[in-house]
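This is what each chain is made of:
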Amino acid sequence: MTRDVVIVGAGVEGLSTAHALATSGVTNVVVVDRDAIASGGTGRSAGIVRCHYGVPEIAALARESLTVFSEAEERLGSPVGFEQVGYLVGIGEDNLAAFRASLAAQQALGIDTGEVGHDVAAALWPVAELDDFASFAFEPQGGYADGYATAHAFAGSARSLGTTVTQGTAVASIEVRGDAVTGVRLADGTGIATDAVVVAASAWSVPLLSPLGIELPITPYLVQEVLIDPGVDLGARPVFSDMVSKQYVHQRGHELLFGDSGGFERPIPDPDRYPTHAEDAAIERCAEKALHRFPGIADPSVKTTSTGMIDVTPDWNPIISATGIDGLFVAAGFSGHGFKIAPAVGRLMADIVLGRPSSVPDVPTETFRLSRYDEGAPVLSKFPYVGASKIR
Ligand SMILES: Cc1cc2nc3c(=O)[nH]c(=O)nc-3n(C[C@H](O)[C@H](O)[C@H](O)COP(=O)(O)OP(=O)(O)OC[C@H]3O[C@@H](n4cnc5c(N)ncnc54)[C@H](O)[C@@H]3O)c2cc1C
C-alpha cells in the first residue's frame, strides 16, 4: 500500500492535520493509532478553550481555533460539546503589569477580551471570594469542549473526504533511506510506503524518532484533576483561571472540575504508567484552594478524580515542525495546552507538509521549529506571570 501521507497518532493534533490535508485535496492519507481515536491525552483533556496567552503565536492559534469550536457542526459535520460559557481570569497585584501588557497584545491580535472589575467578576461567579484579586479579564467567546467528540468530529469529516483512519495499529518504526522517509513499519510486520510521515504521537513520538538520530526534548508529566460536587445548583458559570491561588475550574454537568496551575505537574518515567486517580496530596491541595476561593459553595464533596499524561517540552510550547529528514514531520510536545489550539495546529502542520506559507494569520510556519532548542531560541511568554505554570 502506498499513501501520500501517513499520520502516526489519532489524537486531536493528528486528526486535525488529516482534516486540514483533506480540505486541501490531499486525501490519500492514513491516520494510524496503536489504540483508538482520542485514547491518549485528547480523551482526558479538560478541554478548556481560551486565548489568554503571553506567546502571541499561541494566542493566534487559539483565536483561529475558536471559530472551529463555535461552528463545529457546520465545519466538521458534528458537534464537539462546546459550551461557550466564557473565560474569566483573575490576577493578583504581583502580576498586574504583565497581565495588562498581555491583554493589550491579545487585543492587538483581534482577540475579544477585556479587563473587568470586581463587580463583573462577582456577577459571573457569585459564590467566589474575590477580594485577593487585583483585576480580572473576561473572554466571552471562551469555554470548554469535549476532547473525545472533537477528535471524532475531525476524524468523521476527514473520512468523509476520503482519508482513512485505522485504529489498533501500532507503528513500530519509521523507514528512512538516505535522507528521506520511505514508509512506516507496523507492529504486525506489514508496512505502508510513503514519502511523508507526520508523527503526532505525544510523548510516544520520542521512541519513534530517536532511532533516526532525532532526540525530541519531550518529557511525560503527570497531571491530576479533581471533580467536586458543589452541593448546590450554580447555573452556567464561565471557566475560571484563578491566578492567585493558581487553579482553574470549569463545570462538567453540575459538578466542578478543578486543576492546579501552580506547577505541581511532575515528570514520570513512562508515559504508559501513572496513577489513575489523583494522589491524596493533590486532592488536599485542591480542596484547600477550592474552599478558600469558593466559600459560597454550601456542601462540597469530592466526587471523583482523574489523571492524565502531558508531553512537556523545555519551553512548554509545542513542536510543529519539519525534521532534518526529508518528508518527516512532527506535531508533539503540546505541554498540556494543545486542545484549544488543535484546529489551527492542523492547518499549520498541513502547510508545513505541503511546503507552502502559513495559512494561519500571525503564525509563521517556522515559529515552533524543532531546531529552536539547539539555537537557544525557545518560544516564551512575553509577559510571564510570577508563580504560575508556563502555559499562560
Ligand atoms: C488531564 C488533561 C487535561 C488537559 N486540559 C487541557 C485543556 O483544558 N485545554 C487544552 O488546550 N489542553 C488541555 N490538555 C492538553 C491536550 O489535551 C493535549 O495537548 C492534546 O489532547 C494532545 O493531543 P495529541 O494529539 O498531541 O496527543 P494524544 O491525544 O495523546 O494522541 C497521541 C496518539 O498517538 C497514539 N500513538 C502513540 N504511539 C503510537 C504508535 N507507535 N503508533 C500509532 N499510534 C501511536 C496514541 O494511542 C494516541 O492516541 C489536557 C491534557 C490532559 C492530559
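Computed from a predicted structure; not experimentally measured.

Enquirer: Please explain the overall build of the chain as it appears in this structure.
Expert: Secondary structure summary: the chain contains nine helices and 21 strands in total. The C-alpha radius of gyration computed for the chain amounts to 21 Å, which stays within 12% of the reference 21 Å derived for 392 residues, consistent with globular compactness. Along the first, second and third principal axes, the C-alpha atoms of the chain reach 65 × 40 × 40 Å. Contacts in the chain between residues at least 24 apart in sequence constitute 74% of all its contacts with a sequence separation of at least 6. A total accessible area of about 15,000 Å² is found for the chain, and carbon and sulfur atoms account for 51% of it.

Enquirer: What is the right way to look at the side chain of Asn 95 in this model?
Expert: Among the secondary structure elements, Asn 95 is positioned in the loop between strand S5 (87-91) and helix H4 (96-108). In this structure Asn 95 touches Pro 384, Tyr 385 and Val 386, once residues within four positions along its chain are discounted.

Enquirer: In this structure, what is going on with the environment of Val 223? I would like to understand it.
Expert: Locating Val 223 in the fold gives a position in strand S14 (residues 219-229). As for Val 223 and Arg 50, which are separated by 173 residues in sequence, their C-alpha atoms are 19 Å apart. Ignoring any residue separated from it by four or fewer positions in sequence, one finds Val 223 in contact with Glu 265, Ser 306, Thr 307, Gly 308 and Ile 310.

Enquirer: I keep staring at the sheet that holds strand S3 (residues 29-32) and nothing clicks. Help me out?
Expert: Strands in a sheet are paired, the pairing made by backbone hydrogen bonds, and the direction either parallel or antiparallel. In spatial order, the strands read S9-S3-S2-S13-S21-S20; together these six strands make up an open sheet with mixed pairing. Whereas interior strands pair on both sides, the edge strands pair on one side only; in this sheet they are strand S9 (164-166) and strand S20 (319-322). Averaged over neighbouring strand pairs, the angle between their axes works out to 15 degrees when direction is ignored. Note that strand S2 (residues 5-8) and strand S13 (residues 197-199) share three bridges and pair parallel. Looking across to S13, one finds that Val 8 is bridged to Val 199.

Enquirer: Whenever I open this one, helix H9 (residues 342-353) confuses me. Can you help?
Expert: Each α-helix winds once per 3.6 residues, and so residues spaced three or four apart point in a common direction. Its 12 residues give H9 an end-to-end C-alpha distance of 16 Å, which sits within 8% of 16 Å, the value for a rise of 1.5 Å per residue. Counting buried residues along H9, 11 of its 12 residues qualify, which places the element largely inside the surrounding structure. Among the residues of H9, Ala 342, Pro 343, Ala 344, Val 345, Gly 346, Leu 348, Met 349, Ala 350, Asp 351, Ile 352 and Val 353 are the ones counted as buried. Phi turns positive one or two residues past the end of H9, at Gly 355, with a value near 65 degrees.

Enquirer: What should I look at first to understand the side chain of Ser 65 in this one?
Expert: As for its placement among the helices and strands, Ser 65 is situated in helix H2 (residues 56-70). Reaching out from Ser 65, the side chain makes a polar contact with the backbone nitrogen of Ala 344 at a distance of 3.1 Å. Beyond its immediate chain neighbours, meaning those up to four positions away, Ser 65 contacts Lys 340, Ile 341, Ala 342, Pro 343 and Ala 344.

Enquirer: Which parts of the structure should I look at to understand the sheet that holds strand S10 (residues 171-177)?
Expert: Spatially, S1-S12-S11-S10 is the arrangement adopted by the four strands of the open sheet, whose pairing is mixed. Here the strands that pair on one side only, and so sit at the sheet edges, are strand S1 (2-3) and S10. In terms of strand pairing, S10 meets strand S11 (residues 180-186) through six bridges, oriented antiparallel. Its bridge partner being in S11, Glu 175 is matched across the sheet by Gly 183.

Enquirer: Help me out: how do you make sense of the site of the ligand in this one?
Expert: Contacts to the ligand come from 37 residues, most closely from Asp 33, Gly 41, Thr 42, Ile 48 and Lys 340. Measuring from a nitrogen atom of the ligand, one finds a backbone N or O atom of Val 171 at 2.9 Å. With the chains in place, 96% of the 1,000 Å² that the ligand exposes on its own is no longer accessible. Contributions of two or more residues to the shell around the ligand are made by helix H1 (12-23), S14 and strand S19 (301-312). No other element matches S19, which puts three residues into the shell around the ligand. Of the residues in the shell around the ligand, the class split is 17 nonpolar, 14 polar and six charged.

Enquirer: Please clarify how the packing of aromatic side chains should be interpreted in this entry.
Expert: Aromatic rings considered in pairs are described by the distance between their centres and by the relative angle of their planes. Under the defined criterion, the tally for this structure stands at nine aromatic pairs. For the ring pair Tyr 221 and Trp 316, a centre distance of 5.5 Å and an interplane angle of 70 degrees mean the geometry is edge-to-face. One end of the pair, Tyr 221, is in strand S14; the other, Trp 316, is in the loop between S19 and S20, with 95 residues separating them in the sequence. By way of ring pairs, the aromatic residues Trp 125, Phe 133, Phe 136, Phe 240, Phe 258 and Phe 294 are connected into one cluster. When the ring centre of Tyr 53 is taken as origin, the NZ or CZ atom of Arg 50, which lies over that ring, is 4.2 Å away.

Enquirer: I tried to follow the pattern of salt bridges on my own but got confused; where do I start?
Expert: Scanning the entire structure with this criterion turns up 16 salt bridges. For Arg 293, the salt bridge goes to Asp 132, with nearest N and O atoms at 2.7 Å. Taken together, the residues span a long stretch of sequence, with Arg 293 in helix H8 (residues 280-293) and Asp 132 in the loop between helix H5 (118-124) and strand S7 (135-139) at a distance of 161 residues. By relative accessible area, which is 31% here, Asp 132 ends up partly exposed. The network of salt bridges with common partners includes Arg 63, Glu 64, Arg 347 and Asp 362.

Enquirer: Sorry, what's going on with the packing of H1 against H9 here?
Expert: How two helices sit against one another is set out by the angle between their axes and by the gap between those axes. Contact geometry of H1 with H9 gives a least axis separation of 7 Å together with a crossing angle of 60 degrees. Here H9 runs oblique to H1, going by the angle between their axes. As for the relative orientation of H1 and H9, their crossing is right-handed in sense. Contact with H1, carried on its side by Val 12, Glu 13, Ser 16, Thr 17, Ala 20 and Leu 21, involves Ala 342, Pro 343, Val 345, Gly 346, Arg 347, Met 349, Ala 350 and Val 353 of H9 and no other residues of that element.

The rules we used
- Residues numbered from 1 in each chain as written.
- Predicted model: local features only at pLDDT ≥ 70, side-chain atom pairs only at ≥ 80, totals over all residues.
- Heavy atoms only, no water.
- Helix = DSSP H or I, 4+ residues; strand = E, 2+ residues; numbered from the N terminus.
- Rg over C-alpha atoms; globule rule 2.2 N^0.38 Å.
- Contact = heavy atoms within 4.5 Å.
- Areas by Shrake-Rupley, 256 points an atom, 1.4 Å probe, with all protein chains shown as cover.
- Pairing = 2+ DSSP bridges.
- Axes fitted to C-alpha atoms, helices over the stretch in contact; angles between N-to-C directions.
- Expected span 1.5 Å × (residues − 1).
- Buried < 20%, exposed > 50% of the residue type's maximum accessible area, 1.4 Å probe, protein only.
- Polar contact = N/O pair within 3.5 Å; in protein donor to acceptor, adjacent residues only side chain to side chain.
- Near = heavy atom within 4 Å.
- Nonpolar A, V, L, I, M, F, W, Y, C, P; charged D, E, K, R; others polar.
- Phe/Tyr/Trp six-rings, centres within 6.5 Å; stacked < 30°, edge-to-face > 60°.
- Lys NZ or Arg CZ within 6 Å of the ring centre and 35° of its normal.
- Salt bridge = Lys/Arg side-chain N within 4 Å of Asp/Glu carboxyl O.
- Parallel < 35°, antiparallel > 145°, perpendicular 65-115°, else oblique.
- Left-handed = near helix turned anticlockwise from the far one by under 90°.

Just geometry here; none of it tells us what the structure is for.
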